Amino acid sequence: MTTDPSRLAPRLYQQAAAALAREVEQGLLPPGAILTQGQLVQRFGISRSPARQALEELARLGLLERQGAARFSVAANSVQPVPRPAPADPVRLTPRAGWEMLYPEIEMEIVSRSSLGSWRVNEAMLARHCGVSRTVARDVVGRLQNRGIIRKDDSGRWFAPALAARHIDELFELRWLLEPVAMEKALPHLPDGLLDQMLAELEAAMAPDAHRDSALLDHLEQRLHVEMLGHCGNDALIRAIRLPQSLLIAHHMLYQLTLELFGTEPFLTEHREVVLRLLSGDIAGARAALVAHLRISRRRAMLRIEAVQEMIQPDPLPYLERIDPA
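Residues numbered from 1 in each chain as written. Predicted model: local features only at pLDDT ≥ 70, side-chain atom pairs only at ≥ 80, totals over all residues. Heavy atoms only, no water.

Caption draft 1: How the structure looks around the sheet that holds strand β2 (residues 64-66). The antiparallel open sheet is built from three strands, whose spatial order is β1-β3-β2. The open sheet is flanked by β1 (34-36) and β2, the only strands paired with a single partner. When strand polarity is set aside, the average angle formed by the axes of neighbouring strands in this sheet is 35 degrees. Note: β1 against strand β3 (residues 71-74), three bridges, orientation antiparallel. Across the sheet, the residue bridging to Thr-36 is Arg-71, located in β3. Relative to the sheet, helix α3 (residues 48-60) contacts β1, β2 and β3, its axis offset from that of β2 by approximately 105 degrees. (Pairing = 2+ DSSP bridges. Helix = DSSP H or I, 4+ residues; strand = E, 2+ residues; numbered from the N terminus. Axes fitted to C-alpha atoms, helices over the stretch in contact; angles between N-to-C directions. Contact = heavy atoms within 4.5 Å.)

Caption draft 2: How the structure looks around the environment of Val-111. With respect to the helices, strands and loops of the structure, Val-111 is situated in helix α4 (residues 103-114). Under the relative-accessibility criterion, Val-111 is labelled buried at 5%. Expressed as a C-alpha distance, the spacing of Val-111 and Ile-149, which sit 38 residues apart in the sequence, is 7.3 Å. (Buried < 20%, exposed > 50% of the residue type's maximum accessible area, 1.4 Å probe, protein only.)

Caption draft 3: Up close: the packing of helix α2 (residues 37-44) against α3. Where α2 meets α3, the axes come as close as 9 Å, and the angle between the chain directions of the two elements is 115 degrees. Between α2 and α3 lies a crossing of right-handed hand. Contact residues: Gln-37, Gly-38, Leu-40 and Val-41 in α2; Arg-48, Ala-51, Arg-52, Ala-54 and Leu-55 in α3. (Left-handed = near helix turned anticlockwise from the far one by under 90°.)

Caption draft 4: Spatial organisation of the side chain of Glu-270. By secondary structure assignment, the location of Glu-270 is in helix α12 (residues 267-279). On the basis of relative accessible area, Glu-270 is assigned to the buried category, the value being 15%. Residues within four places of Glu-270 in sequence aside, it is in contact with His-293, Ile-296, Ser-297 and Arg-300.

Caption draft 5: Quick look at the pattern of salt bridges. The tally for this structure, following the rule as stated, stands at 17 salt bridges. Measuring nitrogen to oxygen at the nearest pair gives 2.7 Å for the salt bridge that ties Arg-175 to Glu-179. Placement of both Arg-175 and Glu-179 in helix α7 (residues 165-186) is noted, with a separation of four residues, approximately one turn of the helix. Given the relative accessible area of 0%, Glu-179 is considered buried. One connected set of salt bridges, linked through shared partners, spans Arg-120, Asp-153 and Arg-157. (Salt bridge = Lys/Arg side-chain N within 4 Å of Asp/Glu carboxyl O.)

In structure tokens, the structure reads:
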């Protein structure tokens, strides 16, 4: 499984390669001009890995010719319009919002593979593969840990646990123990109209002609299980809930691949029952409806995971090492 590059901001080496390609095409870098990794490091403020990748990409495109192990020259046959003045200030590249540029891709790559087994996550190889500093890679890893996607083993190494039956059971059990408590605590603090909005969204999604895609299902899941519970006013409880809610991230991938598995999406009626109970003031009934929804969702999650195992054949990634089968 590979991530659609159109959804991601360009990586550092791609940004550097694009800037240099424009200068070659505009005549700012004439034929024979020498480019080295060190020059790109200084000019763009990037590490040597993306500098090397940028030079190799331009050589592959025929704009540069290799002159040595880390030395290139502008090709004689590159397009050369009338030269323009060089910019006064050197361009420097930085990841857009640091780790946030990389995170969505890394999260999806790891979660999609978790349906197949457990994976060791190598932070140094992640930095090298993405062409970023160890600091940026560490921020990505920290976010993965905060969202419950990876954890440390007894040796202090990062790994992503498999979405196997026992792990799924443990996570769902935590959810049906903790989420009803957070829901009851959140109820007095909900913004005016939030429950009415949630009900309207659910009923619109349940309409016969409604377009129900993975983005809509993600939104509705987040509304009930994240946004609403986030008003409980207990930070420690929210942190405890966050670990088992890594399942919601897995569902983002599972919905994309198995949207038609059940014909209609049954959680809509279950969410609606919870919201209706809350609107009527039936707290005990809302808690029971939420627990029933989560118990049913556990089985549906396993069916989705089993279906996905037959669909995906992920490409190898240097920062992920398979530990064991699911």
